[in-house]
Amino acid sequence: MLNTMAQLLIGIIDLVAAFLLIYGLKRMSSPVTAPSGIFVAGGGMLVAILASFLYIVGVRSSAHAHLPLNVGLAVVALIIGGGAAWWSGKRVAMTSMPQMVALYNGMGGGAAAAIAAMELLGNQAQGIPALSITLIGALIGSVSLSGSLIAWAKLDGRIKQALRFSGQQVVNGLVMLATLLLGGYIVAMTQTGGVPLLSMPDLIYLFFGLALLFGVLMTLPIGGADMPVVISIYNALTGLAVGLEGFVLQNPALMIAGMVVGAAGLLLTLLMAKAMNRSVGNVIFTNFGTIAKSKPGAIAGELKPVDAGDAGIFMRYASSVIVVPGYGLAVAHGQQKLYEFVKLLQAAGVAVKFAVHPVAGRMPGQMDVLLAEANVPYDMIFQLEDINDEFSHTDAVLVIGANDVVNPAARTDKSSPIFGMPILNVDQAKKVYVVKRGEGRGYAGIVNALFYADNCDMVYGDAQASLIKMIEAVRGLGAAAA
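Residues numbered from 1 in each chain as written. Predicted model: local features only at pLDDT ≥ 70, side-chain atom pairs only at ≥ 80, totals over all residues. Heavy atoms only, no water.

Caption draft 1: Structural detail: the nonpolar core. Met315, Leu338 and Leu398 are the most contacted members of the largest nonpolar core, which has 38 residues in total. Looking at this core element by element, the count peaks at six residues for helix H13 (residues 335–347). Those residues in contact with Leu398 that sit more than four places away from it in its chain are Met315, Ile322, Val323, Val324, Leu338, Phe341, Tyr433, Val435, Leu467 and Met470. Leu139, Phe208, Met218 and Val230 belong to the second-largest nonpolar core, a separate cluster that totals 33 residues. (Core = buried A, V, L, I, M, F, W, Y, C linked by side-chain atoms within 4.5 Å. Buried < 20%, exposed > 50% of the residue type's maximum accessible area, 1.4 Å probe, protein only. Helix = DSSP H or I, 4+ residues; strand = E, 2+ residues; numbered from the N terminus. Contact = heavy atoms within 4.5 Å.)

In structure tokens:
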């Protein structure tokens, strides 16, 4: 048992860590203060990790012989894990950020599941409440781990399509029911002292196996267009699992951090689902994001390619321009050239704004981070609900790599899988230029009616290369014009 002084010190440190985590999260709510908020929250996590070494004071005398080895392993694990995270964080490209977030979500869930496994296999969770909470945390953490790994594989292109089969929802439901019944059986056998059909360790292993399987089965049928919501769901599940295991361990820092992350993830999930005009259940249990087969000739009009330089000159002489960034901009690493082009337009007296859709990109907030990386002022960036009414009286819109979030089929085509999803009203502008690598479809796999509209021209090519041509064309007008 811990002595009173050690308990007091750990409690104070955990309280400080919890405050830093909450304060850091609060600062992350604004793009201006988000960088410092990340450091503050990271400091809180570091403090909580260091405080965990104080539990050495309470180690049983029978375990003292293993203490140096265990402490050494913990330090080595921290060095390897921290070093790998630092290295990967410095090297990861903006386009790979969703994959990294999915992996980190999974690791958090896996850590919570590992804690639960140690508690269960070591028979540390005593009593129905503690045992039940441990099993629930194990279930949620395992689902988050395996589901996040599948989400990573989808985002990374290793799993190309959603996997669906007849009766899939029934199978998923049976797997979840079996997992819950097995958990209840473990609790019953533990409390009554009965003889289980299998040994208790085997039952625990089977429980984790079913939970991991359910995470895989739940994520495989979800389409690519839903990945931002899926990432958010697993973020919430990871936080909840950590909070539950913190309760089992009676660790205030884990409880508070888990609850804060879980609540934030849940709120973000609801906001993302609202942005798509759908419920979370609709995301999980329906086929949104499926590759839709559009009938040839179903959309009136034709694609009209134009030169990037001509598009740049047109926008130079416009009074107002709205820029809509998308994943293609991140792929091309064109954010710096985009802002360079925007500054040329501003120097010529053009009013320029950026419009960001809540689910643009592959994860929540990816476009905001992309623009911040190029030092775009925050007061130039507007969310969907704040700018949507301005498109109808805007001279020109420049869409770079975005597709589904500007597809008017969401308003007009009831057969479209994105019908009802709020979109940016780009089609209402006087002129639209879409920078796109080719004639491929968006992440939802459907044809975009905007591209065939009379007021829309297509600029084919890499986003960065196209922006360079626009810059050269505007500068070629001369200093007086530009």
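Caption draft 2: Looking closely at unusual backbone geometry. Its identity is not glycine, yet His333 carries a phi of approximately 55°, on the positive side. If you trace the backbone, His333 turns up in the loop between helix H12 (327–332) and H13. Its identity as a non-glycine residue notwithstanding, Asn375 has a phi of 65°, on the positive side. Among the secondary structure elements, Asn375 is positioned in the loop between helix H14 (366–373) and strand S3 (381–383). A relative accessible area of 60% places Asn375 in the exposed class.

Caption draft 3: The arrangement of helix H9 (residues 252–275) in detail. Compared with the 34 Å implied by 1.5 Å per residue over 24 residues, the 34 Å span of H9 between its first and last C-alpha is a close match. The set of residues buried in H9 consists of Ala253, Met255, Ala257, Gly258, Gly262, Gly265, Thr269, Met272, Ala273 and Ala275. Of the residues one or two after H9, Asn277 is the one with positive phi, at around 60°. (Expected span 1.5 Å × (residues − 1).)

Caption draft 4: Local environment of the packing of aromatic side chains. All told, the structure shown has three aromatic pairs when counted by the stated rule. Seen in terms of ring centroids, Phe207 and Phe208 are 6.0 Å apart; in terms of plane orientation they differ by 85°. Their pairing is edge-to-face. Its relative accessible area of 3% is what places Phe207 among the buried residues. Taking 5.6 Å as the distance between ring centres and 65° as the angle between the ring planes, the aromatic pair formed by Phe314 and Tyr433 counts as edge-to-face. With Phe314 in helix H11 (residues 308–316) and Tyr433 in strand S5 (residues 432–436), this residue pair connects regions lying 119 residues apart in the sequence. Judged by its relative accessible area of 38%, Phe314 falls in the partly exposed class. Owing to a relative accessible area of 5%, Tyr433 belongs among the buried residues under this scheme. The ring of Tyr317 carries the charged tip of Arg316 above its face, separated from the ring centre by 4.4 Å. (Phe/Tyr/Trp six-rings, centres within 6.5 Å; stacked < 30°, edge-to-face > 60°. Lys NZ or Arg CZ within 6 Å of the ring centre and 35° of its normal.)

Caption draft 5: Focus on the sheet that holds strand S1 (residues 320–325). What the six strands build is an open sheet, ordered S3-S2-S1-S4-S5-S6; its pairing is parallel. In this open sheet, the two edge strands, each paired with only one partner strand, are S3 and strand S6 (456–460). The average angle at which neighbouring strand axes cross in this sheet is 25°, direction not considered. Relative to S5, strand S4 (residues 396–400) runs parallel, the two being bridged by four bridges. Looking across to S5, one finds that Val397 is bridged to Val432. Docked against the sheet, H13 engages S1, strand S2 (351–356) and S4, running at close to 145° with respect to S2. (Pairing = 2+ DSSP bridges. Axes fitted to C-alpha atoms, helices over the stretch in contact; angles between N-to-C directions.)

Caption draft 6: Highlighting the packing of helix H4 (residues 97–121) against helix H5 (residues 128–155). Put simply, H4 and H5 touch, their axes get as near as 7 Å, and they point 155° apart. Between H4 and H5, the crossing angle belongs to the class labelled roughly antiparallel. Where H4 crosses over H5, the handedness of that crossing is left-handed. A class-by-class count of the residues in the contact of H4 with H5 yields 14 nonpolar, ten polar and one charged. (Parallel < 35°, antiparallel > 145°, perpendicular 65-115°, else oblique. Left-handed = near helix turned anticlockwise from the far one by under 90°. Nonpolar A, V, L, I, M, F, W, Y, C, P; charged D, E, K, R; others polar.)

Caption draft 7: Spatial organisation of the pattern of salt bridges. Per the counting criterion, the structure on display carries seven salt bridges. A salt bridge links Asp156 to Arg158; the shortest N-O distance between them is 2.7 Å. What makes Arg158 exposed here is its relative accessible area of 57%. Across the salt bridge formed by Asp457 and Lys431, the nearest N and O atoms sit 2.8 Å from each other. You can see Asp457 sitting in strand S6 and its partner Lys431 sitting in the loop between helix H16 (409–412) and S5, a full 26 residues away along the chain. Asp457 gets classed as buried once you look at its relative accessible area, which sits at 10%. A single network of salt bridges, built from pairs that share partners, joins Lys337, Glu340 and Arg475. (Salt bridge = Lys/Arg side-chain N within 4 Å of Asp/Glu carboxyl O.)

Caption draft 8: Spotlight on the pairing of S6. Of all five residues in S6, four are buried, a share of seventy percent or more. In this structure, S5 lies alongside S6, joined through five bridges in parallel fashion. By the bridge assignment, Val434 is partnered in S6 with Met458.

Caption draft 9: Here's a closer look at a nonpolar patch on the surface. Taken together, the side chains of Met5, Leu8, Ile12 and Val16 define a hydrophobic patch exposed on the protein surface, amounting to about 400 Å² of accessible area. Counting through the fold element by element, Met5 comes out in helix H1 (residues 4–27). (Patch = residues over 30% accessible without salt bridge, like charges linked within 9 Å, V, L, I, M, F, W, Y side chains within 5 Å. Areas by Shrake-Rupley, 256 points an atom, 1.4 Å probe, with all protein chains shown as cover.)

Caption draft 10: Up close: the confidence of the model for the protein. Confidence in the prediction for the protein averages 85 pLDDT; 93% of positions are at 70 or higher. Every residue in residues 288–297 scores below 50 in pLDDT, and together they form 24 contacts with partners more than four places removed in sequence or on other chains. (pLDDT = per-residue confidence, 0-100.)

Caption draft 11: Structural view of the pairing of S4. Most of S4 sits inside the fold, with five of its five residues counted as buried. Burial along S4 is two-sided: the face carrying Ala396, Leu398 and Ile400 and the face carrying Val397 and Val399 are both buried. Two strands pair when backbone bridges link them, and S1 and S4 are joined in this way by five bridges, in the parallel orientation. Paired with Val323 across the bridge in S4 is Leu398.

Caption draft 12: Molecular detail of the environment of Phe207. Take Phe207: it is sitting in helix H7 (residues 200–219). For the pair Phe207 and Ser142, spaced 65 residues apart in sequence, the C-alpha to C-alpha distance is 9.8 Å. Residue contacts for Phe207: discarding those within four places in its chain leaves Leu135, Ala138, Leu139, Thr179, Leu182, Gly183 and Ile186.

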